[in-house]
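So the chains spell out like this:
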Amino acid sequence: MVDRIADPWGPRTPYGPGERWPVRVDSFLADGHTEADVQRWVPSASILHSNGDAMDIAVVDDRIVGVRGRPGDRINNGRVDPKDLYGWQANHSPDRLRRPLVREGGRLVETDWDTAMGRIVARSKELRDGPGGWGHFGFYTSGQLFLEEYYTLGVIGKAGLGTPHMDGNTRLCTATAAAALKASFGTDGQPGSYTDVDHCDAIALWGHNVAETQTVLWMRMLDRRRGPNPPAMLAVDPRATPVAREADVHLALRNGTNMALLNGLLRELIHRGWYDEEYVRAHTLGFEKLCEVVEDYPVAKVAEICDLPARDIERAAELLGGSERLLSTVLQGFYQSNQATAASCQVNNIHLIRGMLGRPGAGLYQMNGQPTAQNNRECGADGDLPGLRNWENEEHVAELAKLWNVEVDTIPHWSPPTHAMQIFRYAEQGSIKLLWISATNPAVSLPDLARIRRILAQPELFVVVQDLFLTETAELADVVLPAATWGEKTGTFTSVDRTVHISDKAVEPPGEARPDLDIFLDYARRMDFRDSDGNPLITWTGPEEVFEAWKECSRGRPCDYTAITYERLRSGGIQWPCTDEQPDGTERLYTDAVFNTDPDYCESYGHDLATGAENLPEEYKAKQPGGRAFLHAVAYQPSPEVPSDDYPLLLTTGRTVYQFHTRTKTGRATQLVHAAPESWVELNPADADKLGVGEGDLVRVESPRGAVRGRARICGVRPGVVFVPFHYGYWDAADGAAPGQGRHDRAANELTITAWDPVSKQPIFKVAAVRVVKEADSGGRPSPAPTVGGSAPLAGADIPATVGGPAAEAPSRGE
Amino acid sequence: MHLAHYLGLLHKAQERLGDAFTEVGEAHREEPDVFHTCQKLATQCRGHAEKLAPFARRYAEDAPAEPDRLHSELFSGTRSGGLGLLRDLQDLYLMAAECDISWTVIGQAAYGARDEELLAVVKSCEQETAIQLKWLRTRMKQAAPQALVVAE
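Quick notes on the rules
Residues numbered from 1 in each chain as written. Chains lettered and ligands numbered in written order. Predicted model: local features only at pLDDT ≥ 70, side-chain atom pairs only at ≥ 80, totals over all residues. Heavy atoms only, no water. Helix = DSSP H or I, 4+ residues; strand = E, 2+ residues; numbered from the N terminus. Rg over C-alpha atoms; globule rule 2.2 N^0.38 Å. Contact = heavy atoms within 4.5 Å. Buried < 20%, exposed > 50% of the residue type's maximum accessible area, 1.4 Å probe, protein only. Areas by Shrake-Rupley, 256 points an atom, 1.4 Å probe, with all protein chains shown as cover. Lys, Arg positive; Asp, Glu negative; His and termini not counted. Charge placed at Lys NZ, Arg CZ, Asp CG, Glu CD. Patch = residues over 30% accessible without salt bridge, like charges linked within 9 Å, V, L, I, M, F, W, Y side chains within 5 Å. Salt bridge = Lys/Arg side-chain N within 4 Å of Asp/Glu carboxyl O. Pairing = 2+ DSSP bridges. Axes fitted to C-alpha atoms, helices over the stretch in contact; angles between N-to-C directions. Parallel < 35°, antiparallel > 145°, perpendicular 65-115°, else oblique. Left-handed = near helix turned anticlockwise from the far one by under 90°. Nonpolar A, V, L, I, M, F, W, Y, C, P; charged D, E, K, R; others polar. Buried area = accessible area lost by both parts, 1.4 Å probe. Polar contact = N/O pair within 3.5 Å; in protein donor to acceptor, adjacent residues only side chain to side chain. UniProt positions renumbered as here; feature names shortened; annotations may be inferred. Expected span 1.5 Å × (residues − 1). Bend = angle between axes of the 7 residues up to and from the residue. Phe/Tyr/Trp six-rings, centres within 6.5 Å; stacked < 30°, edge-to-face > 60°.

1. Quick word on the overall build of chain A
And then number 1: If you tally the helices and strands in chain A, you get 27 helices and 30 strands.
And then number 2: The C-alpha radius of gyration computed for chain A amounts to 25 Å, which stays within 12% of the reference 28 Å derived for 815 residues, consistent with globular compactness.
And then number 3: Seen through its C-alpha atoms, chain A measures out along the principal axes to roughly 70 × 65 × 60 Å.
And then number 4: Within chain A, contacts between residues separated by at least 24 positions form 76% of all contacts whose residues are at least 6 apart in sequence.

Set out below in structure tokens:
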């Protein structure tokens, strides 16, 4: 038995290059159940991070009692992340929403579905009539619904109402991944496969604390590191995360300077001749401009900007340049930072100039943070058109209009899709009057929360929230719809490496809670959306029918699902594209080094990466990409907010291995709650000394926007940087202050700035200027920060280890 | 040689555009992307003006007196709200367009004067002005439907 709270990664199963990753089946069954008494195992995959780990849900007497990893699945080979081992227990939480709520006299009161939907539909019809009616609607979704739900909502919004105001919280986590993939390769979609870990000889982790965000992918990397001929490892992160501690080279750079570092590294690679001249010439565009721009970034200058030892930058370049099979992975340290898209494209550039794509071990993951983010992008419930279509390509829009049988101009392709921050701005200004939020919690997850609360509380804004619990956001809603969740509904979703899994319904949802798909279909029926011939716009009634409709939408596009069926998915995940020609799916893209940049096929005509200015279609065509990838080049520019005399420190935010999103589910699973019960503030010992702060002292962190309080953890975060985890909101805050009232000094996003990347529009959560003030002594009590992960205390600190004890014991067996 | 007059015209136009970017950015601080981008582009415009200054001085030595009505006034203050933002961006667009065509004109003159140094300045700056125009166009396209059809 393994205490997977004390050891989130479980036992090692080392293996060598090119070998198959050994199977290790993890499971956890609660309440004394054993595998022998499980009546049904229902296929599913992880919904608490983006790795895509396949697992089966254990059912006894129509109740979920646990989970077990799927040994045959290509992604996890049986392993399960601790969040998934314990997190399902939240499904049974007594505070699940069981009936719809509506606001009456300022309070939310229980009602029936007819009343709740009736109010939404009445308001919708009122807003829809008249010119510009489409512009009063905003939809803000999630990275946690299923493909079928996103596709349905995408059709409702884009073909039914005709609004461009649809986005997801994927904007906060994954928008830069999509933007960088489109910019470099022509369309979204990861080039590589998780199996690249099995083959690579070097792994570079760019702002990606994979040990805590995707633990199973980290297990795979660790198993390679413990086996023969292990891959070298580079970590770029201002914190001493488990990844940084494991790496051969750790660059703890100053937040907001990724672009300078990458320009410097590319210059080194080019100067030392560590690039593939033939690949560059045959398969890329823009090499000369790249050389010109990076020339201005000699190591000494980069060392100064990033505050790094010059020798370490050289060592990193040597590690990258000396590899033959390089695997890179990029996440929030880049995506939520200054010059996000430009810096992420520079990682693509490293792979392009070195010819490190399209073969085993030469891989690239522009990661997602959330489990179903990829589907939101593919299906068009966010700022993309379904099927990775180009909103500026008239042919692409016409295909959709034909598929849905609506007028072309109903589909909002005449201006750029509205990103999440702009949706909230329109709501703030009053032109968006109905905001429908599903499966996400912007009152904790968006930047500058005081402003977000003000917006959501405006009386003129009609807010609909669809969720499992009365979240901080739901508290501010006009109508709250109780939703079913994972295990209570059927649908599919796609992992970072394009693997599609099915998640089948295992049990009934509680009370009157309904699957999100049923809610959207009910809305469509009540709104009576029609196509051009006067027939119902939405013709499907259940998940499998939506999936079949989606397959037609994906036909001929890069994310072609046409040869996938529900039946096939029940025996294991399949990577798209999966067609009659490639019936088993596709492990790697661009194996022939032909990229999706043809003007008729690409998803975007591109942007200027410094300003976000869109290229005109003619400009793009004039480049004659002919299947070549784009090498983008941009100069480094400082972040919009840098330290000052008043706010001398840099704030960065991020995750812990034990929580997900705003803890809507993980905050209701006992083992995870005990492991990371409270927010905390990480300080470097040098900064702590200057501030007179010791371990466990209560400190206040202030930015120009607000303040939060937490107990200090003295640890390995870089000097000058303060870290606060972003999970903690107010629903279970110790002082009992309810959302919308009372104290708001717990959520990291009270502090963060409203600013975003010009291309991906992803907010800059990782760079804000703050000051720290000590408020009270620890009283001998250490910080509640876990001793596992990035918040691990310094060696020799006498702090009790984070453990789960008997309640967290979970078997792990080899096969 | 009249080149100095056009150099002076562009120098002034770049300075004015820089100031206008700053003013418009400040006036629309609640649109963070507008605020931050305008700040960046204002700095860029001032950089252009600085690069032009030595050439304007050098060619001024051979120049006849400045003709009448050389300079035009395209910007007279910011507005507020969604429609105001659109209108302000349009002012910036016209001012940037004046700079854009002036770069073309001066580029031609630089060829005529066999002035390689000036040509290098034109080539680097005119690309940045072109991107400024593109950004303004992009941002206006984004704002137009909501500001003109939906907002009250």
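2. Quick look at the overall build of chain B
And then number 1: Scanning chain B from terminus to terminus reveals 4 helices and 0 strands.
And then number 2: Across the 152 residues in chain B, those meeting the buried criterion constitute 47%.
And then number 3: Total accessible area on chain B stands at roughly 7,500 Å², and carbon and sulfur atoms take up 51% of it.
And then number 4: Seen as two clouds, the 17 positive and the 23 negative side-chain charges of chain B have centres 4 Å apart.

3. Observations concerning a nonpolar patch on the surface
All names here are of chain B.
And then number 1: Where nonpolar side chains cluster on the molecular surface, the patch consists of Tyr-6, Ile-101 and Val-105 and spans about 240 Å² of accessible area.
And then number 2: Summarising the element assignment, Val-105 is placed in helix α3 (residues 81-112).
And then number 3: Here Val-105 falls in the partly exposed class, since its relative accessible area comes to 33%.

4. Things to note about the sheet that holds strand β18 (residues 479-482) of chain A
Paired through backbone hydrogen bonds, the strands of a sheet run either parallel or antiparallel to each other.
Residues and elements named next belong to chain A.
And then number 1: Reading across the sheet, the 7 strands line up as β7-β6-β18-β17-β16-β8-β9 and stay open at both edges, with mixed pairing between neighbours. With partners counted over all chains shown, the strands left at the sheet margins are β7 (107-110) and β9 (166-168), one partner each. Each strand of the sheet is rotated relative to its neighbour by a mean of 20°, with strand direction disregarded.
And then number 2: As paired strands, strand β6 (residues 101-104) and β7 are joined by 4 bridges and run antiparallel to one another.

5. A short note on the packing of helix α19 (residues 420-429) of chain A against helix α21 (residues 449-456) of chain A
Residue and element names in this part refer to chain A.
And then number 1: Remark: α19 packs on α21, axes separated minimally by 9 Å, with the N-to-C direction vectors making an angle of 50°. Taken together, the axes of α19 and α21 are oblique relative to one another. As for the relative orientation of α19 and α21, their crossing is left-handed in sense. Of the residues in α21, those touching α19 at Met-421, Phe-424, Arg-425, Ala-427 and Glu-428 are Arg-451, Ile-452, Ile-455 and Leu-456.
And then number 2: For the contact of α19 with α21, the class distribution of residues is 6 nonpolar, no polar and 3 charged.

6. A look at the interface of chain A and chain B
And then number 1: Counting residues at the interface gives 32 residues for chain A, matched by 24 residues for chain B.
And then number 2: Together, the buried faces of chain A and chain B total about 2,300 Å²; carbon and sulfur atoms form 55% of this surface.
And then number 3: At the junction of chain A and chain B, the tally comes to 4 salt bridges.
And then number 4: Two residues, A:Glu619 and B:Lys134, come together in a salt bridge whose shortest N-O distance is 2.9 Å.
And then number 5: Seen at the junction of chain A and chain B, the total is 12 residue pairs in polar contact (both at pLDDT 80 or more).
And then number 6: Here the element with the most residues in the side of chain A that touches chain B is α19(A); it accounts for 4 residues.
And then number 7: Broken down by class, the residue content of the side of chain A that touches chain B amounts to 12 nonpolar, 14 polar and 6 charged.

7. Description of the UniProt feature "domain: 4Fe-4S Mo/W bis-MGD-type" (unreviewed entry) in chain A
And then number 1: According to UniProt, the feature "domain: 4Fe-4S Mo/W bis-MGD-type" (unreviewed entry) maps to residues 39-95 of chain A in the numbering used here.
And then number 2: Across residues 39-95 of chain A, the secondary structure splits into 11% helix and 35% strand, with the terminal C-alpha atoms separated by 27 Å.

8. So, helix α2 (residues 32-60) of chain B
And then number 1: With 29 residues, α2(B) should cover 42 Å at 1.5 Å per step; its first-to-last C-alpha distance of 41 Å lies within 8% of that length.
And then number 2: Where α2(B) bends most, the angle comes to about 30°, and this point is B:Leu52, followed within four residues by the proline B:Pro54.

9. Things to note about unusual backbone geometry
All names here are of chain A.
And then number 1: For the bond running from Trp-576 to Pro-577, omega is -5°, close enough to zero to count as cis.
And then number 2: Within the secondary structure layout, Pro-577 lies in the loop between β21 (574-575) and α25 (617-622).
And then number 3: With a phi close to 55°, Asp-448 is a non-glycine residue in the positive phi region.
And then number 4: When you line up the elements, Asp-448 lands in the loop between α20 (442-445) and α21.
And then number 5: Its relative accessible area of 14% is what places Asp-448 among the buried residues.

10. What about the packing of helix α3 (residues 147-161) of chain A against helix α22 (residues 516-527) of chain A?
Residues and elements named next belong to chain A.
And then number 1: It is the contact of α3 with α22, at a shortest axis distance of 8 Å, that shows an interaxial angle of 20°. Here α3 is positioned roughly parallel relative to α22, judged by the angle of their axes. Taken as a pair, α3 and α22 cross one another with a handedness that is left-handed. For the pair α3 and α22, the contacting residues are Glu-148, Glu-149, Thr-152, Leu-153, Ile-156 and Leu-161 in the first and Asp-516, Leu-517, Phe-520, Leu-521, Tyr-523, Ala-524 and Met-527 in the second.
And then number 2: Considering only residue class, the contact of α3 with α22 consists of 9 nonpolar, 1 polar and 3 charged.

11. A short note on the pairing of strand β10 (residues 202-206) of chain A
Residue and element names in this part refer to chain A.
And then number 1: Extensive coverage of β10 is indicated by the burial of 5 of its 5 residues.
And then number 2: Going residue by residue along β10, you find Ala-202, Ala-204 and Trp-206 tucked away on one face and Ile-203 and Leu-205 tucked away on the opposite face as well.
And then number 3: Direction of pairing for β10 relative to strand β14 (residues 326-330): parallel, over a ladder of 5 bridges. Looking at the pairing, Ile-203 lines up with Leu-327 of β14.

12. Looking at the packing of aromatic side chains
Residues and elements named next belong to chain A.
And then number 1: By the definition in use, this model includes 22 aromatic pairs over all chains.
And then number 2: Arranged with centres 4.9 Å apart and planes meeting at 75°, the rings of Phe-28 and Tyr-86 form a pair that is edge-to-face. Taken as a pair, Phe-28 in strand β2 (residues 24-29) and Tyr-86 in helix α1 (residues 82-87) lie far apart in primary sequence, 58 residues in all.
And then number 3: Residues Tyr-151 and Trp-550 carry aromatic rings whose centres are separated by 5.5 Å and whose planes lie at 65° to one another, so their mutual orientation is edge-to-face. Within this pair, whereas Tyr-151 is found in helix α3, its partner Trp-550 is found in helix α23 (residues 543-554), the two being separated by 399 residues in sequence.
And then number 4: By relative accessible area, Tyr-151 is classed as buried at 1%.
And then number 5: An aromatic cluster is built from Tyr-151, Trp-540, Phe-547, Trp-550, Tyr-561 and Tyr-566, whose rings are joined through pairwise contacts.

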